[in-house]
Amino acid sequence: MGTVFDVAIVGYGPAGITAAIYAARKRLSVVLIGELPGGEVVNSGEIENWTGDGHTDGLTLAKKMVGHLDLHKDQVTVDQDLVAKVARGSGRQFEVMTRGDKTYTAKTVIYTAGRHPRPLGISGESEYKNKGVTYCATCDAPLFSGKDVVVIGGGNTGAEAVIMLQKIAKKIYFLHLEDQLRADPILVENFKNDPKVEIILNAKTTTVSGSMMVEAVTFEDVNTKATRDLKVQGVFVAIGAIPNTEPVKDLIPLDRFGAIEADRYGKTALDGFFAAGDVTNIRDAQIVVAAGHGCSAALSAGDYLSRMGAPEGI
Amino acid sequence: MSKPVTIYTTQTCGYCKATKEFLKSHTVDYTEIDVGTDQAKAREMIEKSGQMGVPVIVVGEGGQEELIVGFDQKRLSAALGIAA
């Protein structure tokens, strides 16, 4: 009989790390499995809405979170890997299987696997992925120095990409499908009067084209149906995100967006299975919200375990 | 004799950081090239890998180079002959 953890946490972002800290402080035995220490926070660029830090950046904040988790390494085993599947084990236990072919058994699961960027689903997009098409401005923006680029998606992620690119690219087209940007005005103020940024509304991107690398993007004006080609070498896609729920799709019902329905305490339809952060149907995909939700999920898991009987150590 | 490891990165890329942490945790020495600041090296990376995503990790040298795009722990472990 191998180790049975009190809690298996899936995900290494703010929700998972916060859940691990709270669980460790309750002296629960924890295994946390996640590929990227700090999760998508790492790719967040500048951050000005994490309480306590007027200004920070994703890498710094992720490092602080991981450092905080390290204080609890006596209680928390970390496996830096992706989870392939979560399933029911014997009795009320859960089995968490990793891509690296490890299986962890736990009495509860806190699932905080986050989201991944949504693709446009248009011609040329997958062909030119990493050949000019990118979903991570924070990662790849520095490679487009002096080039012409397009940012697709007028929300906060898109606006943040534009801001990042202002210092790097020569010309930035900012395309949005609707007649108004969705991004917070405080972000848009950074570039709305910048002559190198051209905001194009009502624009439906239809094709990415090129030869070896991206050379152009075509879009259609949703009102006039007129099409226009933009000669660009970079395409930054920022049209939202899809919950990383593939490993649990046979375990728990998902909503129509593929998210796990969890209440504010991280409880789901399945006893012993908790979820928190961006992978759930939570309204606000924000670091501070994910961290809070992770806390609640850990406290809920703790309550559940006390009702099951006294927690057992490793 | 361990194989030389070169990693093309940008300073802001999370998966680059994760790759470096992984290498450090396995005490693997590596040479880092910041393609965000070095345009010539950026072109070199694009020519070698045929793509623009970072990180690009090159394990070995000469005709024995293995090129890995992205933080692929399994491939990296296999290329370096270390446990994942």
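Residues numbered from 1 in each chain as written. Chains lettered and ligands numbered in written order. Predicted model: local features only at pLDDT ≥ 70, side-chain atom pairs only at ≥ 80, totals over all residues.

Enquirer: Please set out the pairing of strand S16 (residues 227–231) of chain A residue by residue, giving values where relevant.
Expert: Residue and element names in this part refer to chain A. Of all five residues in S16, zero are buried, a share of ten percent or less. With five bridges joining them, strand S15 (residues 214–221) and S16 adopt antiparallel strand pairing. Counted as the bridge partner of Glu 220 is Thr 227 from S16. What sits between S15 and S16 in their antiparallel hairpin is a turn of five residues, with Lys 225 showing a positive phi close to 65°. (Buried ≥ 20, exposed ≤ 12 C-beta atoms within 10 Å, placed from the backbone. Helix = DSSP H or I, 4+ residues; strand = E, 2+ residues; numbered from the N terminus. Pairing = 2+ DSSP bridges.)

Enquirer: So what's going on with the interface of chain A and chain B? Which residues, and what values?
Expert: Where the parts come together, the accessible area they lose is often given as the size of the interface. Across the boundary between the two partners, chain A contributes 21 residues, which contact 20 residues of chain B. Considering each element in turn, the side of chain A that touches chain B owes the most residues, three residues, to helix H3 (residues 137–140) of chain A. Its residues assigned to classes, the side of chain A that touches chain B shows seven nonpolar, nine polar and five charged. (Contact = placed C-beta atoms within 7 Å. Nonpolar A, V, L, I, M, F, W, Y, C, P; charged D, E, K, R; others polar.)

Enquirer: An account of the sheet that holds S15(A) is requested, with residue identities and associated values reported.
Expert: All names here are of chain A. The strand order across the open sheet formed by three strands is S14-S15-S16, and the pairing between neighbours is antiparallel. What marks the edges here is a single partner per strand, and that holds for strand S14 (203–210) and S16. Across the sheet, the axes of successive neighbouring strands diverge by a mean angle of 25°, strand direction being ignored. Across seven bridges, S14 lies against S15 in antiparallel orientation. (Axes fitted to C-alpha atoms, helices over the stretch in contact; angles between N-to-C directions.)

Enquirer: Summarise the domain arrangement of chain A; cite the residues concerned and give the values.
Expert: All names here are of chain A. Domain boundaries in chain A define domain 1 (4–116 + 241–308) and domain 2 (119–237). For domain 1 and domain 2, the distance between their C-alpha centroids amounts to 32 Å. Listed as interface residues are four residues of domain 1 and, on the opposing side, five residues of domain 2. A class-by-class count of the residues in the side of domain 1 that touches domain 2 yields no nonpolar, four polar and no charged. (Domains from an automatic or database assignment.)

Enquirer: Describe the environment of A:Ile282, with residues and values.
Expert: All names here are of chain A. Relative to the elements of secondary structure, Ile 282 occurs in the loop between strand S19 (273–275) and helix H6 (287–308). Owing to 23 C-beta atoms within 10 Å, Ile 282 belongs among the buried residues under this scheme. In sequence terms Ile 282 and Trp 50 are 232 residues apart; their C-alpha atoms lie 18 Å from each other. Sequence-distant contacts of Ile 282, that is, excluding residues within four places in its chain, are made with Gly 277, Val 289 and His 293.

Enquirer: Lay out helix H4 (residues 156–166) of chain A in plain terms, naming residues and giving numbers.
Expert: Residue and element names in this part refer to chain A. Counting buried residues along H4, nine of its 11 residues qualify, which places the element largely inside the surrounding structure. What H4 keeps buried is the set Thr 157, Gly 158, Ala 159, Glu 160, Ala 161, Val 162, Ile 163, Met 164 and Leu 165. Buried residues in H4 make contact with H3, strand S11 (148–152), strand S12 (171–175), helix H5 (185–188), strand S13 (197–200) and strand S17 (234–237).

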